[in-house]
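Take a look at the letters that make up each chain.
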Amino acid sequence: MKYLHDNLVTLVNILNDQAFHDGTALGDQLGMTRAAVWKMIKKLQDYGVDIDSVKGRGYCIKKPLQLLDRAKIKTLLRHRKLSIDVYEKVDSTNDQIKQSISREVAHICIAEQQLQGRGRLGRPWASPFGQNIYLSMAIPLQVDLSSLSGLSLILGVSLCESLTHHLSLPDDALKVKWPNDVYFYGKKLAGILVEIQAESHGYCQLIIGVGLNVNMKNASIDAINQPWTSLANETGHDIDRNHLVATIIDHCFNDVDVFVKHGLSEFTQQWQHYDYLCGKKIEAMVNQKKIIGTASGIDAQGLLVIKDGNNKAWHCSSGDTRLIKK
Ligand code: BTN
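On to the side chain of Glu 283. Relative to the elements of secondary structure, Glu 283 occurs in strand S11 (residues 281–286). Residue classification places Glu 283 among the buried positions, given a relative accessible area of 16%. Discounting residues that sit within four places of it in the chain, Glu 283 has contacts with Lys 290, Ile 291, Ile 292, Asp 320, Thr 321, Arg 322 and Ile 324.

Right under this line is the structure:
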């Protein structure tokens, strides 16, 4: 793991005018040697950032790139009582954050790249450098664990609400596929991995991992084995990840607060609005039995309700559902 160094952010900000910059002049601006500048350029190129290097002229970035900026994110956050780390690369932000959890304050971990990004059901999560949001939030709670059932659903809803408002997206663009996969007109845009660590004295840590495709465009991402999209694909322009990540964090903390105080019922209407599966024919495993039926909303615990051909309701807890018909 590696913290994202301010110098790398500043270097990219200087290069973003897309003019040529001489290594020595860059070194003077950054307070480092020309060789150290060259190392950082090489590192960016290794991450896949397209930078021309021409003898006698210096370096020129082909396409502006905005890196995550810890100081900026901190000033944008309305929730002040949290600590935040921004990494250049980690294996997985959900794993990294477990090194920094505290009972006193919530902690945030964001990375430019994940080497072993994880999805639900052991699937990998494609995490190229500098393009998307890989965010984990560790929230200390003192609650009965059973009261958290259904929480993972409201996180998908929360993400949809923050994206819809922040980017003024059409009302029907985003949907949540139970339990919390976020789709943009039927293509996967984001996923959420929730882990709960029980501690002593009734404490637990809620670890919420959010992977959101933001500016990822090319399809050289073999690891994604389903139709996917990104916000840049859908809106036609690159998105400022610093503003976006601050909005998502604030929204999420508010919604977790509401959930802890009032429970899942407070989100019923929103769930109904975003429910992707509702009314669709699906196949799922319920108690090791394959059930085929119509997705019919959720129950009070947040389990998926499937009605079979005899109108019998099955309550499904496995997130591995398969769509049969639209
Ligand atoms: C899924 O759709 O299966 C969930 C994907 C969750 C990916 C995020 S990216 C940030 C955090 N770190 C991880 O390794 N996974 C989650």
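Moving on, we come to the site of the ligand. Taken together, 19 residues sit near the ligand, with Ser 92, Gln 114, Arg 118, Arg 120 and Lys 188 positioned nearest. At 3.1 Å from a nitrogen atom of the ligand is found a side-chain nitrogen or oxygen belonging to Thr 93. With respect to the ligand, the backbone of Arg 120 contributes an N or O atom lying 2.6 Å from an oxygen atom. When the ligand sits alone it has 410 Å² of accessible area, and the protein chains cover 98% of it. Listed by contribution, the elements that provide at least two residues to the shell around the ligand are helix H5 (93–96), strand S6 (133–142), strand S9 (187–198) and strand S10 (203–212). No other element matches S9, which puts four residues into the shell around the ligand. Along the lines of polarity and charge, the residues of the shell around the ligand split into five nonpolar, ten polar and four charged.

What follows deals with the sheet that holds strand S5 (residues 106–111). Strand order across the open sheet formed by eight strands is S1-S4-S5-S6-S10-S9-S8-S7, with mixed pairing between neighbours. The open sheet has two free edges, formed respectively by strand S1 (2–3) and strand S7 (174–177), since each of these has just one partner strand. Taken together, the four bridges between S7 and strand S8 (residues 181–184) define a ladder with antiparallel strand orientation. Looking at the pairing, Lys 175 lines up with Tyr 183 of S8.

For residues other than glycine, phi is negative in most cases, and the peptide bonds are mostly trans. A cis amide bond links Trp 178 to the next residue, Pro 179, at an omega of 5°. Even without being a glycine, Leu 121 presents a positive backbone phi close to 55°. Counting through the fold element by element, Leu 121 comes out in the loop between S5 and S6. If you check the backbone angles, Asn 311 has positive phi at about 65° while not being a glycine. Note that Asn 311 resides in the loop between strand S13 (304–307) and strand S14 (313–316).

The rules behind these values
- Residues numbered from 1 in each chain as written.
- Predicted model: local features only at pLDDT ≥ 70, side-chain atom pairs only at ≥ 80, totals over all residues.
- Heavy atoms only, no water.
- Helix = DSSP H or I, 4+ residues; strand = E, 2+ residues; numbered from the N terminus.
- Buried < 20%, exposed > 50% of the residue type's maximum accessible area, 1.4 Å probe, protein only.
- Contact = heavy atoms within 4.5 Å.
- Near = heavy atom within 4 Å.
- Polar contact = N/O pair within 3.5 Å; in protein donor to acceptor, adjacent residues only side chain to side chain.
- Areas by Shrake-Rupley, 256 points an atom, 1.4 Å probe, with all protein chains shown as cover.
- Nonpolar A, V, L, I, M, F, W, Y, C, P; charged D, E, K, R; others polar.
- Pairing = 2+ DSSP bridges.

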